[in-house]
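# What the coordinates show
Here are the chains, one letter per residue:
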Amino acid sequence: MKNKKKMLMCVLSAFLVLSLLAACGGNSDTKKTAEESGTKANEGTKTEEVTPASDKYELGKQPLEFTFYGHYDWYTMPTWGQDESTKWIKENKKVDIKAIQSGGSAAQKLNTMIATNELPDVIWMDRGPDVEKLRQADMLVPFDDYLDKYPNLKTWFAENGMNMLRSEDGKLYQFPNWYTSQPNGNAGYVVNKKIYTELGSPKIETTDDLYNYLKQVKAKYPDVIPFETGLAKDGQGLDILYSAFKANNKGYSAKGLMAVPTDGKLTSIFKDEPYRQSMVYASKLFRDKLITQDAMTQTKDQEKEKVMTGRVAVYATSSPTDIAQLAQPDLAKKDPNGGYIMIPPVHAEGVPADQVFPGSYKQLGWNVSVITKAAKDPEAIFAFLDWYTGPAGQSVQMWGPEGKYWQGVEEDGITPKFTDAYVTDADGLAKLQGETVNLMWNGNTVFLDKTKAKYEATLPLEKRSWATHWQSTVTWKSQSDATELVNLSPMPESEEGIAQQRINDIFVESRAKALFAKSDAEVLAILDKAAADADTAGFPKLLEFETNKWQENLKKMSSGK
């Protein structure tokens, strides 16, 4: 009996040694630990006191490669590893990401990939019907089993928001981007500082002030675009103008919802008086050649070229800081008065200035990443995304690899200690951030905003980051919380979904026609016809569906479930 017991203990000891060696790679320190553990086992130590090998994926231990598809007509993923930040990640974390581009036809591209069963490993896309379509087809990987093993998302994303993001089966399939618990966003008005100064820095507070200023620009600077809207067919500057006419407008992006919260119900955008006034105003600007004349057709590159060269007087889009911050250093170097400033959002007469919100934020953020079942190792991809959204990954993306703009971390273990180069090489930092902006797929808003705002508050004004300064003084204060208006869209093949597509087409067409109208009366007539056509296309039923979804959201938010 004693011999059997002794033999059993020897087998147990050997098993523990081999397990620890396998888990830790077999270096000398590991061998020593294993031997000590084996000794304890021989001495009768309980096996549960020995920590088992972790099955957690270790980023950087072995190469990880996966494909990535950005599901947008406008999006072209930059080459992974070409900028300093992703180059460091590629070399040090052994992560290589291969782009699959939409080629300007995102919907067709995704449908083709689904039909041929050649899905990418990760799809970056809007929340809503397309995600649900993939989920219902059993093409997506749920994240629930990973949340505790890789805790950054769970730590930084509020449980209330996570519950809002779950699908009908109760599982989480979507990794949010720019999720937040505080105001964020860049929507608003960027103003050419040189032109503004030369015209005497006039007051631009109301829509009348803005119109008069643009007229002055046109008269004195014939080669400059008075008001640059970005791509008007995608909303952009026209949505910003809409916000000037409506107090507390949470659904400012009209194209996204095409409905307006009114007394507990969602009502037609075409019948919304502030929207109608905004289109009359925009059309007048267009007729007077104060707005980009190719606003409906210009490309992002054309828009960027004008802003980069200072050929715009006022630039208003959903995120004008993206390009303006890139242009700022060069324009300021060429002329002491060169570059851009931002102004508080303008408002129409009778609309309180402090109730105008040109942009909105959602606790769920902007869009999401989903992992498809085409992925060979979905857990490894989730581990990367979780690292990418955590303080370490975010610091590398926003401020580059450790050593230049930051060195080490504060006592909290996560906040980077910024170096003098953060200030002395502000142009280089802005360039780096401009290169990584389209690679930030799961931005951690609270960590980044609080970190940079806290540090830059210690710097003199002239040494602060251009974008951070205007975010903290203008844009973050003028974004409304529109979380309650997410996930309202029906499935595309449903009766409401078919109606939504028809009404979206009516909206896009009517806005283009209204912009090109020859008179105010023609604008209103176009919108009247659009309202009638939308009702015929099933708008009332769609609005009822969306209202019910909205009310469900309000209940979830109030109950925390």
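### Looking at the pairing of strand β2 (residues 95-100)
Pairing geometry for strand β1 (residues 64-70) and β2, over 6 bridges, is parallel. Residue F66 lies in a different strand from β2, and its bridge partner there is I97. In this region the chain leaves β1, passes through helix α3 (residues 84-92) and returns to the parallel neighbour β2; the handedness of that crossover is right-handed.

### Remarks on the nonpolar core
One finds W80, F384 and W441 to be the most contacted residues of the largest nonpolar core, which totals 71 residues. Tallying contributions element by element places helix α15 (residues 378-389) first for this core, with 8 residues. Of all hydrophobic cores here, the second largest spans 52 residues; its members include Y221, F245, L290 and L331.

### A look at the sheet that holds β2
With respect to topology, 5 strands assemble into an open sheet ordered β2-β1-β3-β12-β4, the strand pairing being mixed. Two strands in the sheet have a free side with no partner beyond their single neighbour: β2 and β4 (175-176). In this sheet, strand β12 (residues 368-371) lies alongside strand β3 (residues 122-125) in antiparallel orientation, the contact comprising 4 bridges. Each residue of the ladder has a partner; that of V122, found in β12, is I371. Here helix α4 (residues 106-115) sits on the sheet in contact with β1, β2 and β3, set at roughly 130° to β1.

### Here's the deal with the pattern of salt bridges
Across all of its chains, the model carries 31 salt bridges by this definition. For R135, the salt bridge is made with E132, and the minimal N-O distance between the two is 2.4 Å. A residue pair is termed a helical-turn pair when its members lie 3 or 4 positions apart in one helix, as R135 and E132 do in helix α5 (residues 129-136) at 3 residues. Exposure class is identical for R135 and E132. Each is buried. Here K529 ties to D533 by a salt bridge, and the two come within 2.8 Å at their closest N and O atoms. With K529 and D533 both in helix α22 (residues 520-536) and 4 residues apart, this pair spans about one turn of that helix. When its relative accessible area of 54% is taken as the criterion, K529 is described as exposed. When its relative accessible area of 30% is taken as the criterion, D533 is described as partly exposed. Here the salt bridges share partners, and the residues they tie into one network are D55, K149 and E379.

Parameters at a glance
- Residues numbered from 1 in each chain as written.
- Predicted model: local features only at pLDDT ≥ 70, side-chain atom pairs only at ≥ 80, totals over all residues.
- Heavy atoms only, no water.
- Pairing = 2+ DSSP bridges.
- Helix = DSSP H or I, 4+ residues; strand = E, 2+ residues; numbered from the N terminus.
- Right-handed = clockwise from strand over helix to strand, strands pointing away.
- Core = buried A, V, L, I, M, F, W, Y, C linked by side-chain atoms within 4.5 Å.
- Buried < 20%, exposed > 50% of the residue type's maximum accessible area, 1.4 Å probe, protein only.
- Contact = heavy atoms within 4.5 Å.
- Axes fitted to C-alpha atoms, helices over the stretch in contact; angles between N-to-C directions.
- Salt bridge = Lys/Arg side-chain N within 4 Å of Asp/Glu carboxyl O.

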